[in-house]
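Listed here are the chains, written in short residue letters.
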Amino acid sequence: MSNTTKRAAGLNTRHSAPDQSTGFLLWRVTNAWQAALRATLAPLDLTHVQFVLLASLTWLQADQPVTQRALADHAGTDAMMTSQVLRTLEAKGFIERKLHPSDARARALVVTNRGSALTNQAVQAVEGADATFFAALGADHAGFIAMLSRLTPFSST
């Protein structure tokens, strides 16, 4: 069946093939990349979102006390989901919630020594997985990073 027939059969699209849709390709690449990271992080007993929040917290806490809101904003995660994941990370002994030094209503999130060791191990594993996954870009890698940065709704800190 040709793509024209598929379009005539009910899919009203401007694309003659799925691989011409930016969104569909991004969906496929994202799923493949996430599968690679799930496989990389599974031996460390971390989910991808747990890793992102631990690594983000480790990065941010070097500069100032980190609130849950600041962490969610940095990671681009939903506040409710962030709260749930942080409870899991706290139960695993990877983070602690301490009194915030300047806001009595807030808690400062802190990565424990155990969490820091795991985070650094995970960062090495994830960076290796990323290098393997994105190796196909070759010399286009820096340009790809620049393009992704233009689409990112927040600047990295």
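Up top is the structure these notes are about.
Everything quoted here is computed from the prediction, not taken from an experiment.

Turning our attention to the overall build of the protein. A count of helices and strands for the protein gives 7 helices and 2 strands. Listing each helix as α and each strand as β along the protein from the N terminus yields α-α-α-α-α-β-β-α-α. Here the C-alpha radius of gyration of the protein, 20 Å, is well above what a compact globule of 157 residues would show, namely 15 Å. Taken along the three principal axes of its C-alpha coordinates, the protein extends 65 × 30 × 30 Å.

This part takes up the packing of helix 3 (residues 48–60) against helix 6 (residues 113–133). With their axes 10 Å apart at the nearest point, helix 3 and helix 6 run at an angle of 115° to one another. Classified by the interaxial angle, the pair formed by helix 3 and helix 6 is roughly perpendicular. Seen from above, helix 3 lies across helix 6 with left-handed handedness. Of helix 6, the residues touching helix 3 (which contributes Phe51, Leu54, Ala55 and Thr58) are Thr119, Ala122, Val123 and Val126. Residues belonging to the contact of helix 3 with helix 6 are distributed by class as follows: 6 nonpolar, 2 polar and no charged.

Quick look at the pattern of salt bridges now. A complete count under the given rule lists 5 salt bridges for this structure. The salt bridge involving Glu90 is made with Arg97; its shortest N-O contact spans 3.0 Å. Judged by relative accessible area, which is 33%, Glu90 ranks as partly exposed. Under the relative-accessibility criterion, Arg97 is labelled partly exposed at 27%. Taking the shortest distance from any N to any O, the salt bridge between Arg105 and Asp103 comes out at 3.4 Å. For Asp103, a relative accessible area of 24% gives the class partly exposed.

On to the packing of helix 3 against helix 5 (residues 79–91). Helix-helix packing is described using two parameters, namely the angle between the two axes and the distance between the axes. As a packed pair, helix 3 and helix 5 sit with axes 10 Å apart at the nearest point and diverge in direction by 85°. Relative to helix 5, helix 3 is oriented roughly perpendicular. Here Val49, Gln50, Leu53 and Leu54 of helix 3 come into contact with helix 5, specifically with Met81, Thr82, Val85, Thr88 and Leu89. Residues that form the contact of helix 3 with helix 5 fall into these classes: 6 nonpolar, 3 polar and no charged.

Bringing the nonpolar core into the picture now. Formed by 24 residues in total, the largest nonpolar core has its most connected members in Leu46, Leu71 and Leu89. Of all the secondary structure elements, the ones that give two or more residues to this core are helix 2 (22–41), helix 3, helix 4 (68–75), helix 5, strand 2 (107–111) and helix 6. When residues in this core are grouped by element, the largest group, 6 residues, is from helix 3. Residue contacts for Leu89: discarding those within four places in its chain leaves Leu46, Gln50, Leu53, Leu54, Phe94 and Ile95.

Take unusual backbone geometry next. Across the chain, the bulk of peptide bonds are trans and the bulk of non-glycine residues have phi less than zero. The phi torsion at Asp45 lies on the positive side, around 60°, for a residue other than glycine. Take Asp45: it is sitting in the loop between helix 2 and helix 3.

Thresholds, definitions, all that
Residues numbered from 1 in each chain as written. Predicted model: local features only at pLDDT ≥ 70, side-chain atom pairs only at ≥ 80, totals over all residues. Heavy atoms only, no water. Helix = DSSP H or I, 4+ residues; strand = E, 2+ residues; numbered from the N terminus. Rg over C-alpha atoms; globule rule 2.2 N^0.38 Å. Axes fitted to C-alpha atoms, helices over the stretch in contact; angles between N-to-C directions. Parallel < 35°, antiparallel > 145°, perpendicular 65-115°, else oblique. Left-handed = near helix turned anticlockwise from the far one by under 90°. Contact = heavy atoms within 4.5 Å. Nonpolar A, V, L, I, M, F, W, Y, C, P; charged D, E, K, R; others polar. Salt bridge = Lys/Arg side-chain N within 4 Å of Asp/Glu carboxyl O. Buried < 20%, exposed > 50% of the residue type's maximum accessible area, 1.4 Å probe, protein only. Core = buried A, V, L, I, M, F, W, Y, C linked by side-chain atoms within 4.5 Å.

On their own, these measurements won't tell you what the molecule is for.
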